[in-house]
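Understanding the architecture of this molecule
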Amino acid sequence: MSDGNLANLLRPTRFEEVVGQDRSVKFLSGLIRRGQRKRDLLLHGAVGSGKTTLARIYAKALNCDHPDPHTGSPCHACEWCHEQREHEYALEYDVAGGKGDIKNILAQLERLRSISLPPSKTKVAFYDEAHRLSPQASDALLKAIEDRSDGEVFIVATSQHENLNPALVSRLIPVEVHQLPFAMAREFLSTTASSKGVSIDGDALDLLVGLTPGSPRNLLNSLERFANDDGGSIRLADVKFVLNVEHIDILPQYLKAVGDGQFARQLEILGEWREPSDRKVLWIRAMLAAIYYNDVLAVSSAMHPAIDAVGEGARRAILASFQKRFGVIHPENLAPMWREMLQHWHAARENLTGPELAVQCGRFDQLVSDLARRRPNSEVRATPHARHAYAG
């Protein structure tokens, strides 16, 4: 791995390098290709999704002497693409870090007005996390946008656009920046890891991507937590340890103990599980739902990545213990009992205290015992029920 923050080192500098934002890129590059058109923009989307990256590329392309006629990207060769020149016309203001009060915003606007550029060039003011602006500062920015000269462009970025002044929003063209869908995020991280000499197992990659909000910056920061200077490899056990998702191993142990009727062992496992009680309830629900759909009904269903990472062997061991306890041969005949088990945990409060969780688990064990005693004499094939009733 190289020195420096990986997300900064790999930040795109051309429109065509931006991953997963085809619609936004098409719009911005089109403005440049149609004569470097100046528009005031509202870039909104999740933290780390690429708003600042798009703003920088657009600002540079607006002032580039020779933007690419096909992509609209800056040439990175002319005088105005040089970093020193870029600092002359592109002003970035981090509202969250620099205070969004009226005094600071007025000072920033005064600095913008003081910049002198040739008539063909454009001053670009970029305000990041603009929802942190005070009402007075927001009004001042609105006034500046309404009165701006032809040689100025304002770009406002936010992860909470619903909290912006509606009048300010009405003066801007909205450009939404999305998080990457799972498949695209997986491909992006896999390709990046490979280019940096990092080997990453498929299961480890799935879990890492699934547990990381799908923005390029977040994904690269996650990769950097694992990779060594000389590349190296990332295994599933590494991801579990670093991201503290021990429930991947604990949940199968707990449910197998329930299936085996070992209540003391159940309490021992829950006591060793280092998560708040409300999180334990959510994970137990999710694990039961995953087994119900994938193994009892044999309907392939993706749940939470940390649940999907539980191995097939562990799930089969859980099923075998319940099949034995309920006296059924085929997994699908567990469905009626499994629905009652799911209902038990869906009826549970999420904000249980430790002692209350122990009581809930005791009642769950008793429910399973009751189900085993009243199991049907003959096996009846299960029919799938609506997923939303149990998936949570």
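Residues numbered from 1 in each chain as written. Predicted model: local features only at pLDDT ≥ 70, side-chain atom pairs only at ≥ 80, totals over all residues. Heavy atoms only, no water.

Examining the overall build of the protein
Stated precisely, the cut-off is as follows: Here a helix means four or more residues in a row that DSSP labels H or I, a strand means two or more in a row labelled E, and each is numbered from the N terminus. The buried label applies to any residue whose accessible area, calculated with a 1.4 Å probe on protein chains only, is under 20% of its type's maximum; exposed applies above 50%, and partly exposed to all values in between. Here, two residues are considered to be in contact whenever any of their heavy atoms come within 4.5 Å of each other. Surface accessibility in these figures is a Shrake-Rupley result with a 1.4 Å probe; residues are shielded only by whichever protein chains are displayed. Only four residue types enter the charge count: Lys and Arg as positive, Asp and Glu as negative, with His and the chain ends excluded. Think of each charge as sitting on NZ of Lys, CZ of Arg, CG of Asp or CD of Glu.
Within the protein, the regular secondary structure consists of 20 helices and seven strands. With respect to the three principal axes, the spread of C-alpha positions in the protein is 90 × 45 × 35 Å. Burial statistics for the protein: of 392 residues in total, 49% are counted as buried. Look at the contacts in the protein between residues 6 or more apart in sequence, and 74% of them connect residues 24 or more apart. When the accessible surface of the protein is split by element, carbon and sulfur atoms take 49% of a total near 18900 Å². Put simply, the protein has 47 plus and 49 minus side-chain charges, and the middle of one group is 4 Å from the middle of the other.

Observations regarding helix α18 (residues 335-346)
Since the α-helix advances by 3.6 residues per turn, residues separated by three or four positions end up pointing in the same direction. Condition: Here, expected helix span is obtained from the residue count minus one, scaled by 1.5 Å.
Under the 1.5 Å per step criterion, the end-to-end length of α18 is 16 Å for 12 residues, consistent within 8% with the ideal 16 Å. What α18 keeps buried is the set Ala335, Met337, Trp338, Arg339, Met341, Leu342, His344 and Trp345.

Here we look at the sheet that holds strand β5 (residues 173-177)
Basically, it comes down to this: Strands were regarded as paired on the criterion that DSSP finds at least two bridges between them. Angles shown run from 0 to 180 degrees and are taken between the N-to-C directions of axes, each axis being a line fitted to C-alpha atoms and, for helices, limited to the stretch in contact.
Spatially, the five strands line up as an open sheet ordered β2-β3-β4-β1-β5, and their pairing is parallel. A single partner strand is all that each edge strand has here, and the edge strands are β2 (90-94) and β5. On average, adjacent strands in this sheet sit at an angle of 20° to one another, irrespective of strand direction. Strand direction decides the pairing type here: strand β3 (residues 123-128) and strand β4 (residues 152-158), joined by five bridges, are parallel. For Phe126, the partnering residue across the bridge sits in β4 and is Ile155.

Topic: the nonpolar core
In plain terms, the rule: Here the nonpolar core consists of buried residues drawn from Ala, Val, Leu, Ile, Met, Phe, Trp, Tyr and Cys, with membership extended through side-chain atoms lying within 4.5 Å.
Residues Tyr254, Phe326, Trp338, Trp345 and Phe364 are the most contacted members of the largest nonpolar core, which totals 71 residues. The greatest single-element share of this core, amounting to 12 residues, is contributed by helix α15 (residues 277-296). Once residues within four sequence positions are removed from consideration, Phe364 is found in contact with Tyr254, Leu255, Val258, Leu288, Met341, His344 and Trp345. Counting 29 residues, the second largest nonpolar core, distinct from the first, contains Tyr89, Ala90, Tyr93 and Leu164.

A short note on the confidence of the model for the protein
Rules: Each residue carries a pLDDT score, the predictor's own confidence in it, on a scale running from 0 to 100.
Across the protein, the average pLDDT comes to 88, with 93% of residues at or above 70. Between the elements of the protein, mean pLDDT differs from a low of 40, seen in helix α20 (residues 388-391), to a high of 97, seen in helix α2 (residues 22-33). This model gives residues 377-392 a pLDDT under 50, and the stretch forms 36 contacts once residues within four places in sequence are excluded.

Describing the pairing of strand β1 (residues 41-45)
Most of β1 is tucked away, with five of its five residues classed as buried. Neither face of β1 is open: one carries Leu41, Leu43 and Gly45, the other Leu42 and His44, and all of them are buried. In the sheet, β1 pairs with β4 via four bridges, with the strands oriented parallel. Bridge assignment links Leu43 to a residue of β4, and that residue is Ala157. Bridge count for β1 against β5 is five bridges, and the pairing is parallel. The residue of β5 that forms the bridge with Leu42 is Pro174.

What to know about a positive patch on the surface
As a reminder, the rule being used: Patch membership requires more than 30% relative accessible area and the absence of a salt bridge. Residues of like charge join within 9 Å; the nonpolar side chains Val, Leu, Ile, Met, Phe, Trp and Tyr join within 5 Å. Definition used for salt bridges: Asp or Glu carboxyl oxygen within 4 Å of a side-chain nitrogen of Lys or Arg.
Judged by side-chain charge, Lys26, Arg33, Arg34, Arg37 and Arg39 come together as a positively charged surface patch. Within the secondary structure, Arg34 is located in the loop between α2 and β1. When its relative accessible area of 43% is taken as the criterion, Arg34 is described as partly exposed.

Overview of unusual backbone geometry
Look at Glu129: it is not a glycine, yet its phi comes out positive at around 55°. By secondary structure assignment, the location of Glu129 is in the loop between β3 and α7 (135-146). Despite not being glycine, Ala298 shows a phi value in the positive range, around 60°. For Ala298, the location among the structural elements is in the loop between α15 and α16 (305-308). For Ala298, a relative accessible area of 61% gives the class exposed.

Observations concerning the packing of aromatic side chains
Centre distance and the angle of the planes are the two values used to describe a pair of aromatic rings. Formally: In this scheme Phe, Tyr and Trp rings, the latter by its six-membered ring, pair at centre separations within 6.5 Å, and the angle between planes marks the pair as stacked below 30 degrees, edge-to-face above 60, and tilted otherwise. In this scheme, Lys NZ or Arg CZ marks a charge over a ring once it lies within 6 Å of the ring centre and within 35 degrees of the ring normal.
Within this structure, the stated rule accounts for seven aromatic pairs. On the numbers, 5.0 Å between centres and 65° between planes, the contact of Phe322 with Trp338 is edge-to-face. Separated by 16 residues along the polypeptide, Phe322 in helix α17 (residues 312-326) and Trp338 in helix α18 bring together distant segments of the chain. Taking the relative accessible area as the measure of exposure, Phe322 reaches 0% and is therefore buried. The exposure class assigned to Trp338 is buried, which follows from its relative accessible area of 0%. An aromatic cluster of at least three residues, connected via ring pairs, comprises Tyr93, Tyr127 and Phe154. The ring of Trp80 carries Arg85 above its face, with NZ or CZ at 4.2 Å from the centroid.

Things to note about the environment of Ser149
Among the secondary structure elements, Ser149 is positioned in the loop between α7 and β4. Residue classification places Ser149 among the partly exposed positions, given a relative accessible area of 38%. Between the alpha carbons of Ser149 and Lys123 there is a distance of 9.7 Å; along the sequence they are 26 residues apart.

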